[in-house]
Amino acid sequence: MNFASDNTAGVAPEILAAIARANEGFALAYGNDACTARVERRFAEIFEREVAVFLVPTGTAANALALAHLAPPWGAVLCHAESHIATDECGAPEFFGSGLKLVGLHGAAGKITAETLARELAERQWGGPHHVSPAVLSLSQATEAGTIYRPHEIRRLAEIAHGRGLAVHMDGARLANALARMNASPAEATWKAGVDVLSFGATKGGALAAEGVLFFDPARGADMSERRKRGGHLVSKHRFIAAQSEAYLAGDLWLKLARHANAMADRLAEGLLRAGLAPVWPVEANELFVLLPRPASERLKAKGASFYPWITDSLPAGVKVPADEILVRLVTSFATTTAEVDEFVAIAHTS
């Protein structure tokens, strides 16, 4: 019953097999191999346009290098106050961005609204010589609350950002889960809605260590290869990252794995709801958040269940965490089974 994170799952068998195949023989290093070239073409097919692709081993590297490329050291990256880049990347965006500033915006359910963005851009003090200049809007898809931005929401936020000269970055660590939930293509949910640069995640979705920075205007990615190398994230045996990405994208495996994770989250939410434990936010990807009575939490942990308590300022209006309950995050993955879900629900439901 491991619901701590989708990072706790192993590697999807198809991807592990691809790594083994890539281990046969020799290949040029540093991304000059045939597999990397195929991956670049596959990304262009999926997103319906030419893209500049830079593969890296971690999501933090993808986010930090992308933001450093988009913002000057005196620039500000506007993001949700509880976004991954703001809370869980140990200052990496600021470090790689030579001191750029993350400006956290608040919003319910982990999302920035168009009204909040417009107000912050209009009312805060911006610009030199005394203040940072707004340079990037970064959106998490899915959010840290497990919610998603629909294409029309992204489009409106991008219009506001572009109107003030900001680039739009998307942290797509769980993009596959968001797309599996929406009736929208990868293109419609990204560049067609105004996203300029995407951190494309595969690791949480079933890869071992494979992420990518995608520039939807390839010219904007000029010198990114040098930034990646200087940042220590150009892997010499690059074919092993490319092999993971190729297998992940082949035959839409990435969406198949995400659909399974989402279905397990739905099953878990439905089971807990029958037990009187309703998610505090809509379950829109592969994460759900519930208020567990402390005795239920203790029973679950005694039976080996793994999950994390969660602290947030994004709860819906009127929702508070009582002293005898604990807000927990439950994350499903491509490897989650119905048996795990049903056992968790049964133990949580025990009076």
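This text follows the structure it describes.
Computed from a prediction, not measured in an experiment: that's the story for all the values here.

(A) Quick peek at the packing of helix 11 (residues 253-274) against helix 13 (residues 338-349). Orientation of helix 11 relative to helix 13, taken along the N-to-C sense of each, is 20°, at an axis distance of 9 Å. On the basis of their axis angle, the class for helix 11 and helix 13 is roughly parallel. Of the two possible hands of crossing, helix 11 and helix 13 adopt the one that is right-handed. Along its contact with helix 11, which presents Met 264, Arg 267, Leu 268, Gly 271, Leu 272 and Arg 274, the element helix 13 presents Thr 338, Val 341, Asp 342, Phe 344, Val 345, Ala 348 and His 349. Split into classes, the residues belonging to the contact of helix 11 with helix 13 amount to 7 nonpolar, 3 polar and 3 charged.

(B) Structural context of the sheet that holds strand 6 (residues 197-201). A sheet is described by the order of its strands in space; here 7 strands give the open sequence 1-7-6-5-4-2-3, paired in mixed fashion. At either end of the open sheet lies a strand with only one pairing partner, and these are strand 1 (52-56) and strand 3 (101-105). Neighbouring strand axes in the sheet, compared pairwise and without regard to direction, differ in orientation by 20° on average. In terms of strand pairing, strand 5 (residues 167-172) meets strand 6 through 4 bridges, oriented parallel. Within strand 6, the residue paired with Gly 172 across the bridge is Phe 200. Sitting on the sheet, helix 6 (residues 114-123) is in contact with strand 2 (75-80), strand 3 and strand 4 (133-140), with an inclination near 130° to strand 3.

(C) Empty space enclosed by the protein, seen in detail. This structure, assessed with the given rule, holds 2 cavities of 30 Å³ or more. Space inside the largest cavity adds up to approximately 60 Å³. Elements with a contribution of two residues or more to the lining of the largest cavity: helix 8 (175-181) and helix 11. If you tally residues by element for the lining of the largest cavity, the top one is helix 11, at 3 residues.

(D) Structural detail: the pairing of strand 2. Within strand 2, 6 of the 6 residues are buried, which leaves the element mostly enclosed by the surrounding structure. Bridge analysis of strand 2 against strand 4 gives 4 bridges, and the strand direction is parallel. Counted as the bridge partner of Val 77 is Val 136 from strand 4. Judged from the 5 bridges that link them, strand 2 and strand 3 form a sheet pairing that is parallel. Looking across to strand 3, one finds that Leu 78 is bridged to Val 103.

(E) Seen up close, the state of the cysteines. Under the counting rule described, the total for this entry stands at 0 disulfides. Among the cysteines around Cys 90, which has no disulfide bond, Cys 79 carries the closest sulfur, lying 16 Å off. By relative accessible area, Cys 90 is classed as exposed at 83%.

(F) Just the environment of Gly 25, in detail. With respect to the element layout, Gly 25 can be found in the loop between helix 1 (13-22) and helix 2 (34-47). The exposure class of Gly 25 is partly exposed, given its relative accessible area of 49%. Considered as a pair, Gly 25 and Asp 196 are 171 residues apart in the sequence and their alpha carbons are 37 Å apart.

(G) Inspection of the side chain of His 238 at higher detail. Its location among the elements puts His 238 in the loop between helix 9 (224-230) and helix 10 (239-249). Not counting the four nearest positions on each side in its chain, His 238 is found in contact with Tyr 30, Gly 31, Asp 33, Thr 36, Leu 55 and Arg 228.

What counts, and at which threshold
- Residues numbered from 1 in each chain as written.
- Predicted model: local features only at pLDDT ≥ 70, side-chain atom pairs only at ≥ 80, totals over all residues.
- Heavy atoms only, no water.
- Axes fitted to C-alpha atoms, helices over the stretch in contact; angles between N-to-C directions.
- Helix = DSSP H or I, 4+ residues; strand = E, 2+ residues; numbered from the N terminus.
- Parallel < 35°, antiparallel > 145°, perpendicular 65-115°, else oblique.
- Left-handed = near helix turned anticlockwise from the far one by under 90°.
- Contact = heavy atoms within 4.5 Å.
- Nonpolar A, V, L, I, M, F, W, Y, C, P; charged D, E, K, R; others polar.
- Pairing = 2+ DSSP bridges.
- 1 Å grid on protein atoms, 1.4 Å probe; cavity = no way out; pocket = protein on both sides within 12 Å on 5 of 7 lines; lining within 4 Å.
- Points joined across faces, edges and corners; volume = space filled by probe spheres on them.
- Buried < 20%, exposed > 50% of the residue type's maximum accessible area, 1.4 Å probe, protein only.
- Disulfide = S-S within 2.5 Å.

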